[in-house]
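Below are the chains, spelled out letter by letter.
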Amino acid sequence: MIVGFNISKIESTRHVPLEELSKFRNINVNYDINLRNPTVNKAPAGEVLRVEYTVAINYINPSIGYIRFEGFCDKVGGNPAQEKADWDAGRADVQVQNEIANNMMARIIPLALLLSQNLSLPPAVPMPVINFQRPADGAAPSADKFDQYHA
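The sections below set out a description of the structure shown in this document. This one's a predicted model, so the numbers in the text were calculated from it and none came from an experiment.

The rules behind these values
- One numbering rule holds for all chains: residues counted from 1, following each sequence as written.
- Totals for whole chains, interfaces and linings use all residues, but because this is a predicted model, local features are given only for residues with pLDDT of at least 70 and pairs of side-chain atoms are given and counted only at 80 or more.
- Where side-chain values are given, they derive from all heavy atoms of the structure, hydrogens and water being excluded.
- Strands here are runs of E lasting at least two residues and helices are runs of H or I lasting at least four, both read from the DSSP assignment and numbered beginning at the N terminus.
- Each residue's exposure class comes from its accessible area (1.4 Å probe, protein chains only) as a fraction of the maximum for that residue type: buried when under 20%, exposed when over 50%, partly exposed otherwise.
- Any two residues whose heavy atoms approach within 4.5 Å at even a single point are treated as in contact.
- Between N or O atoms, a polar contact is any pair within 3.5 Å; within protein, one atom must be a potential hydrogen donor and the other a potential acceptor, and residues adjacent in sequence are included only when both atoms are from side chains.
- The span expected for a helix works out to 1.5 Å for each residue beyond the first.
- Here the bend at a residue is taken as the angle between two axes, fitted respectively to the seven residues that end there and the seven that start there.

Focus: the overall build of the chain
No. 1: Along the backbone of the chain there are three helices and four strands.
No. 2: In sequence order, the chain lays out its α and β elements as β-α-β-β-β-α-α.
No. 3: In the chain, which comprises 151 residues, the share counted as buried stands at 28%.
No. 4: Counted over contacts in the chain with a minimum sequence separation of 6, partners at least 24 positions apart contribute 65%.

With respect to the side chain of Glu83
No. 1: For Glu83, the position within the fold is in helix H2 (residues 80-88).
No. 2: Take Glu83: its relative accessible area is 14%, and that puts it in the buried class.
No. 3: For Glu83, the side chain forms a polar contact with the side chain of Lys75, separated by 3.4 Å.
No. 4: Glu83 has contacts with Leu49, Lys75, Gly77, Gly78 and Val96, leaving out every residue within four places of it along the chain.

Considerations on unusual backbone geometry
No. 1: Going from Asn61 to Pro62, the amide bond is cis rather than trans, its omega being 0°.
No. 2: Mapped onto the fold, Pro62 is located in the loop between strand E3 (46-60) and strand E4 (65-76).
No. 3: One non-glycine residue with positive phi stands out, namely Asn37, at about 50°.
No. 4: Structurally, the position occupied by Asn37 is in strand E2 (residues 28-43).
No. 5: One non-glycine residue, Ser120, adopts positive backbone phi at about 60°.
No. 6: Structurally, Ser120 is set in the segment after helix H3 (94-118).
No. 7: When its relative accessible area of 32% is taken as the criterion, Ser120 is described as partly exposed.

Focus: H3
No. 1: Compared with an ideal rise of 1.5 Å per residue, which puts 25 residues at 36 Å, H3 spans 35 Å between its outermost C-alpha atoms and is within 8% of the ideal.
No. 2: Of all the bends in H3, the greatest reaches close to 30° and is centred on Ile108; the proline Pro110 follows between one and four positions later.
No. 3: By the burial criterion, the buried members of H3 are Val96, Ile100, Ala101, Met104, Met105, Ile108, Ile109, Ala112 and Ser116.
No. 4: In this structure, the buried residues of H3 make contact with strand E1 (2-14), E2, E3, E4 and H2.
No. 5: Between the side-chain oxygen at the start of H3 and the backbone nitrogen of Gln95 there is a gap of 2.9 Å, and the oxygen is on Asp93.
No. 6: Phi turns positive, to about 60°, at Ser120, one or two residues after H3.

The following block contains the structure:
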């Protein structure tokens with residue numbers, strides 16, 4: 001279980017002038033997630049595995065900007081000393097990595113959306129597409145009850 005989360009640094013920039021931003025189409029959003037430097041620390045919850053992270057959200061093809069976060073995440077449970085030893089030996093537990101990365105992204109993505117909006121960059125995550133168009137007469141109803149608007 002994740003018991004501690006810290007963001008120590010946020011960097012963000014847009015490389016192109018606002019006036020030129022609208023001419024770029026098909027911008028790719030690339031996520032670079034780096035988990036590193038595991039340590040075992042004492043905490044009120046007991047021993048925790050502390051893992052530093054860097055997450056970079058890059059807007060590429062062409063490079064128009066980026067958002068970057070750095071910090072650490074604390075995980076309690078399991079055997080932190082063994083998890084650190086495995087990590088240092090290049091055999092990090094995938095479940096531990098997934099738990100840390102998913103929790104980290106759940107906390108970072110809302111901030112990244114705000115930053116991307118303020119920098120006039122595309123959203124950092126795909127946004128849902130809303131379509132209020134009614135089905136054509138005689139059209140078969142959709143199998144998914146949530147993909148059509150119902151008045």
